[in-house]
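If you want the building blocks of each chain, they are given just below.
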Protein chains: 2
Amino acid sequence: MKRPAALQELIAELQKLPGIGQKTAERLSFYLLRGTKERAQRLARAVEGLKEKIVLCSQCHGIADKDPCDICSDPNRNAAQICVVEEPHDVYVFESLGEYKGLYHVLMGVISPLDGVGPQDLTVDHLKSKVEENPAREIILATNPDMEGESTAVYIARVLKPLGAKVTRIARGLPVGGDIEYADPVTLKKSLEGRGPA
Amino acid sequence: MKRPAALQELIAELQKLPGIGQKTAERLSFYLLRGTKERAQRLARAVEGLKEKIVLCSQCHGIADKDPCDICSDPNRNAAQICVVEEPHDVYVFESLGEYKGLYHVLMGVISPLDGVGPQDLTVDHLKSKVEENPAREIILATNPDMEGESTAVYIARVLKPLGAKVTRIARGLPVGGDIEYADPVTLKKSLEGRGPA
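Residues numbered from 1 in each chain as written. Chains lettered and ligands numbered in written order. Predicted model: local features only at pLDDT ≥ 70, side-chain atom pairs only at ≥ 80, totals over all residues. Heavy atoms only, no water.

K.L.:
Give me the sheet that holds strand β5 (residues 138-141) of chain B: which residues, what numbers.
P.N.:
Residue and element names in this part refer to chain B. Reading across from one edge, β4-β3-β5-β6 is the order of the 4 strands in this open sheet, with parallel pairing throughout. Of all the strands in the sheet, just β4 (102-106) and β6 (166-169) have a single pairing partner and so form its edges. Strand-to-strand twist in this sheet, taken as the mean axis angle between neighbours without regard to direction, amounts to 25 degrees. Where strand β3 (residues 78-85) and β4 come together, 5 bridges link them in parallel fashion. For Ile82, the partnering residue across the bridge sits in β4 and is Leu103. Of the strands in this sheet, β3 and β4 are in contact with helix α4 (residues 88-97), which crosses β4 at around 155 degrees. In this fold helix α5 (residues 124-133) packs onto β3, β4 and β5, with an angle of close to 145 degrees to the strand it touches most, β4. (Pairing = 2+ DSSP bridges. Helix = DSSP H or I, 4+ residues; strand = E, 2+ residues; numbered from the N terminus. Axes fitted to C-alpha atoms, helices over the stretch in contact; angles between N-to-C directions. Contact = heavy atoms within 4.5 Å.)

See the structure below:
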């Protein structure tokens, strides 16, 4: 016996989301089915509104209500620092710290030859032109400390350094609260290389 | 810095779903944001279509495209057996076995005094009238083997037996592939009580 088509369809759509398998998709669908029509409509409208109301900032490529975004249009932010991140949501992770007062630049991905993503698919050229305009800036490379993120950082550093920019990379080392005994060798090596005054 | 309102809204709506916390809601939202507009629209339409296109079968209270549902309107199903389940999706769990050929009756919940759910909130009266029409039926109680499910089964058995129905309960015992050493005492006791010919 087959499930009603509308239910099958929702389960199929939910399964396309990351981390949602068949069982979870079924559970969520039946939950929505049990709930009120208003609840399902609110969720549907929120999903639709997402792509309709959100714009990409033409300056930092982050997501925003308007262009330029709140950060790029804030005169109190330090324009001498640009934090380069992979994805728009990384901006919010740094912002949630409340520490960083500079600007951002979202790459919109990482260089990943296996996935067919090269530097030309990212916003590297735009970052380059920002540095050319004002080479005195510090460019903080905050891509993920994984293989793609590291090679993207290496690539960008190689592009920007000849232009006279000060290019830095976020520190890689032992996470606070971690245990040296269980640290992986690469992290431990990085924590030694990146050691600072005690 | 605050996230765009449309994004906040979707994260809030997703967080209302069971098993979806803030991190997962954020991850899903950013995933949808990165995807095409069409993908988000397909999901939105699937969510909306769910409550618009699906009906409850007036005979078994299961969900269906039409009323009566495919199972209730199938002349090849054995009308002498009614499998009583808690929720509409339990029907699909049994159907996926391909073993059971009788009809279903969905209670739409379980008796749960703590949640203020009594027998009058369930479809017990309708089940009773089905038995009154035809007392020769076997009523298979397939509520969950947890506290609420067990007490609901006990209650229904007490209501239906005086009407002359043959009331059975699905077997509780050790799950296949399980280990006696790690079985909980209640399950082990049930598996002893319910022992059959070897």
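Structure's up, so let's keep going.
K.L.:
An account of the relation of the copies chain B and chain A is needed here, citing residue identities and associated values.
P.N.:
Laying chain B over chain A is done by rotating through 179 degrees and shifting 0.0 Å along the axis; what remains is an RMSD of 0.2 Å. The relationship between the two copies is best expressed as a two-fold rotation axis. By C-alpha distance to the rotation axis, the residue of chain B lying nearest is Ala44(B), at 2.1 Å. Of the residues that chain B buries at the interface, 100% are likewise interface residues in chain A, meaning the two copies contact each other through the same surface. (Least-squares fit on C-alpha atoms with pLDDT ≥ 70 in both.)

K.L.:
Summarise unusual backbone geometry; cite the residues concerned and give the values.
P.N.:
Between Asp67(A) and the following residue, Pro68(A), the backbone shows a cis peptide bond with an omega angle of -5 degrees. Here Pro68(A) is to be found in the loop between β2 (63-64) and β3 (78-85). Even without glycine at this site, His61(B) takes up a positive phi of about 65 degrees. Here His61(B) shows up in the loop between β1 (55-56) and β2 (63-64). Exposure remark for His61(B): the relative accessible area of 18% places this residue in the buried category. (Buried < 20%, exposed > 50% of the residue type's maximum accessible area, 1.4 Å probe, protein only.)

K.L.:
An account of the packing of helix α5 (residues 124-133) of chain A against helix α6 (residues 147-160) of chain A is requested, with residue identities and associated values reported.
P.N.:
Residue and element names in this part refer to chain A. At a minimum axis separation of 10 Å, α5 and α6 run at an interaxial angle of 35 degrees. As α5 runs across α6, the sense of the crossing is right-handed. Together, Val124, Leu127, Lys128 and Val131 of α5 and Tyr155, Ile156, Val159 and Leu160 of α6 make up the contact between the two elements. (Left-handed = near helix turned anticlockwise from the far one by under 90°.)

K.L.:
Any chance you could break down the confidence of the model for chain A for me, citing the residues and the numbers?
P.N.:
All names here are of chain A. On average, chain A scores 90 in pLDDT, and the residues at 70 or more come to 99%. Within chain A, the element-level pLDDT minimum falls on helix α7 (residues 185-193), averaging 87, and the maximum on strand β4 (residues 102-106), averaging 95. If you check the scores for this complex, the pTM reads 0.69 and the ipTM reads 0.71. (pLDDT = per-residue confidence, 0-100.)

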